[in-house]
Amino acid sequence: MAPERKRLREPSMPPSMARVRGGKLRTGWTTGTCAAAAAKAAARALVTGEVQERVEVRLPKKGEERRVVFEVERCELGEGWAEAVVVKDAGDDPDVTHGAHLTARVSWREEPGVELDRGEGVGVVTKPGLGLPVGAPAINPVPRRMILYSLREALDPEERGVRVVISVPGGEEMARKTTNPRLGIVGGISILGTTGIVRPFSTAAWAASVIQAIDVMAAQGGDTFVLSTGGLTERAAMRLLPQLEEVCFIEVGDFTGRAVRHAAGRGLRRGFFVGMAGKLAKLASGVMMTHWTRSRVDTELLARITREAGGDARLAGEVRRANSARHAYELWREAGLSGAPDLLCARVAENLREHAGGTLEMHAIMVDFDTLEPVGSSPGALELTAWRG
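Residues numbered from 1 in each chain as written. Predicted model: local features only at pLDDT ≥ 70, side-chain atom pairs only at ≥ 80, totals over all residues. Heavy atoms only, no water.

J.: Describe the sheet that holds strand 19 (residues 361-367), with residues and values.
T.: Here we have 5 strands laid out as an open sheet, ordered 17-16-18-19-20, and mixed in their pairing. Both edges of this open sheet fall to strand 17 (249-251) and strand 20 (374-377), since each of them pairs with a single strand only. Here the average twist between neighbouring strands, direction ignored, is 25 degrees. Sheet analysis places strand 18 (residues 270-275) next to strand 19, joined by 6 bridges and oriented parallel. Note that in strand 19 the partner of R270 across the bridge is E361. Contacts from helix 12 (residues 339-355) reach strand 18, strand 19 and strand 20 within the one sheet, and its direction differs from that of strand 19 by about 145 degrees. (Pairing = 2+ DSSP bridges. Helix = DSSP H or I, 4+ residues; strand = E, 2+ residues; numbered from the N terminus. Axes fitted to C-alpha atoms, helices over the stretch in contact; angles between N-to-C directions. Contact = heavy atoms within 4.5 Å.)

J.: With reference to specific residues and values, describe the sheet that holds strand 7 (residues 81-87).
T.: Pairing in this open sheet of 5 strands is mixed, and the strands run 6-7-8-12-9 from one edge to the other. Edge positions in the sheet fall to strand 6 (74-78) and strand 9 (114-118), since each has one partner strand and no second. Going from strand to strand, the sheet's axes swing by 15 degrees on average, the running direction of each strand aside. Relative to strand 12 (residues 162-167), strand 8 (residues 101-108) is paired through 6 bridges, and the arrangement is antiparallel. Bridge pairing links R105 to V165 in strand 12. The strands touched by helix 1 (residues 31-48) within the sheet are strand 6, strand 7, strand 8 and strand 12, with strand 8 carrying the most contacts at an inclination of about 35 degrees. Helix 2 (residues 141-152) contacts strand 8, strand 9 and strand 12 of the sheet and is inclined by roughly 135 degrees relative to strand 9.

J.: Which residues make up the nonpolar core, and what are the values?
T.: Counting 71 residues, the largest nonpolar core has F225 and L360 as the members making the most contacts within it. By residue number, the principal contributor to this core is helix 5 (residues 203-219), which donates 7 residues. Residues within four places of L360 in sequence aside, it is in contact with F225, V260, A263, A264, L268, R269, R270 and R353. Counting residues in each nonpolar core, the second largest holds 44 residues, with A41, A42, L46 and I191 among its members. (Core = buried A, V, L, I, M, F, W, Y, C linked by side-chain atoms within 4.5 Å. Buried < 20%, exposed > 50% of the residue type's maximum accessible area, 1.4 Å probe, protein only.)

Here it is in structure tokens:
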């Protein structure tokens, strides 16, 4: 008898998922907001001939206007140019760009209008699918608009044109810790942000990066994608599917549901989810957003899978009382119940197909915590890989 099915659900991620000493985690500012602030400060210095100590910019939020004041870390004036620096504060977010010096140099030019370019530490786009032309600076559309309207609060570029160069010293090193190289952004970081605000743990940024990764892959004609939850499972996935290009592998974090729905919308054909017991157990129970604050492992489901795989009542009871999905998997392994991970993966694949609207061929593979070797799979999944057990 198949385990009882549960309604698929994708809980929303709260803006702040944890508390520090009884208070909410502190929000911060995106690289886009800081770049806009630096550009406006430099533009005001260029027009007035005065060094700027602070600057105010408008956030790109519809409805009620919100403005934020930033301290200017450094401001310099030269012949026909001015440069300003705003230091990024990411709040309590573990962001690689926290503390980055967003630098804008604004100079006069002969033609009217604004020429926006990249300097040191800002990447250049080399692949389609990012919503920016190949060869363009990796300054996303919302930050571009922020930079432009912030500039216009300081000067009129139609009366006298300006060239704006955004740079981030050390940005190329920061970018090595992001997915930029895989997405075809080389030479530095991206200037990002859709709201101007960084939420703790970059939930919005991570979700956006998952969507962006799928877009880049689809733009290059790929039809097979591989989701993993982090570095270890991605390493296992790449070992299993070495025939795929690196761009096909996406660290999805907790946003599996959003990823498969977007992949279906882009017309992709086949997907793999490679993970460990914890995330697989949540997906198997119908939870498509798997952060620990939004769902628990359903050990009752794992106990039913135990019985279906041939385990006795005693083992099912132990699994029901397991401390975690990993504990349940260890109980299966000790009992030699190799069919249980397969049944778990089969349920995951079925849920992912259903969540994507039935248009995707979905497969799930469980890997061991220590060896990263596959220990369970949905029907036909391993036959499509290069693994030889």
